[in-house]
Amino acid sequence: MTLFASFTRPAAALAVALAFAAPAQAAMPTQPTLKVTTLDGKTFDLAAQRGKWVIVNYWATWCVPCIKEMPDISRFVAAHKNVVAIGLAYDDSDPADIKAFVAKHPVVYPIAQVTLDKPLKDFDEPRGLPTTYLISPDGKVAKHIVGPVTEASLAGLIGQP
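Residues numbered from 1 in each chain as written. Predicted model: local features only at pLDDT ≥ 70, side-chain atom pairs only at ≥ 80, totals over all residues. Heavy atoms only, no water.

S.K.: What's the story with the overall build of the protein chain in this structure? I'm lost.
M.R.: Looking only at helices and strands, the protein chain has 4 helices and 7 strands in total. Considering only contacts in the protein chain between residues 6 or more positions apart, those separated by 24 or more positions represent 69%. When the accessible surface of the protein chain is totalled, it reaches about 9200 Å², and 62% of it is carbon and sulfur. (Helix = DSSP H or I, 4+ residues; strand = E, 2+ residues; numbered from the N terminus. Contact = heavy atoms within 4.5 Å. Areas by Shrake-Rupley, 256 points an atom, 1.4 Å probe, with all protein chains shown as cover.)

S.K.: I'm lost on the environment of Gly 41 in this one. Help?
M.R.: With respect to the helices, strands and loops of the structure, Gly 41 is situated in the loop between strand S1 (35–37) and strand S2 (43–45). A relative accessible area of 55% places Gly 41 in the exposed class. As a C-alpha pair, Gly 41 and Ala 112 span 71 residues in sequence and 9.1 Å in three-dimensional space. (Buried < 20%, exposed > 50% of the residue type's maximum accessible area, 1.4 Å probe, protein only.)

S.K.: What should I look at first to understand the nonpolar core in this one?
M.R.: It is characteristic of soluble globular proteins that their nonpolar side chains tend to be buried jointly. If you look at the biggest cluster of nonpolar residues, it comprises 26 residues, and the most contacted ones within it are Ile 55, Trp 59, Ile 73 and Ile 111. Elements with a contribution of two residues or more to this core: strand S3 (53–59), helix H2 (64–79), strand S4 (83–90), helix H3 (95–104) and helix H4 (151–158). Ranked by residue count, the leading element in this core is H2, at 5 residues. Look past the residues within four positions of Ile 73 in its chain and what remains in contact with it is Ile 55, Asn 57, Ala 85, Tyr 109, Val 149 and Leu 154. Ranked by size, the runner-up nonpolar core spans 18 residues in total, among them Met 28, Val 54, Leu 88 and Ala 112. (Core = buried A, V, L, I, M, F, W, Y, C linked by side-chain atoms within 4.5 Å.)

S.K.: Any chance you could explain H4 here in plain terms?
M.R.: Every α-helix winds through 3.6 residues per turn, so residues three or four apart in the chain are directed the same way. For H4, the complete set of buried residues consists of Leu 154, Ala 155 and Ile 158. An end-on view of H4 places all buried positions within 100° of arc, on one side of the element. Every exposed residue of H4 that faces more than 90 degrees away from the buried side is listed here: Ala 152 and Gly 156. Buried-residue contacts for H4 involve S3, H2, S4 and strand S6 (131–135). (Arc of directions from axis to C-beta.)

Given below as structure tokens:
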């Protein structure tokens, strides 16, 4: 028996044990709820946005692609009256640091903080940043995107010029 072979069986057994020990994540509902307090102290309620497209965008202050897409999302929202967005700073930074970051990188949509230890109930935890959910006017998830979005990609996905 080689040294490698002697580690393979225990490693495989450990992987199987960990897979069963890990908590199962419930499937994200097709019509999620989202009610958060934004950095400016207001409440953003996804249910109140029915009849509009909603861009739910997870980002972080340290994420370069996130920073690059923020102006695109902002311009798209500003140009389309039937589209709103909520930025979710998926970051354990102090809220004052996130506010300072947003002051340097302003957007036209509200920002809320989601800490890693208190994920949102109805949204899957992001597997990469940025992560964007497009919520259709009926409140259902129309698209889940991992990676940056642009004005053009949002227009194509939502079906608006």
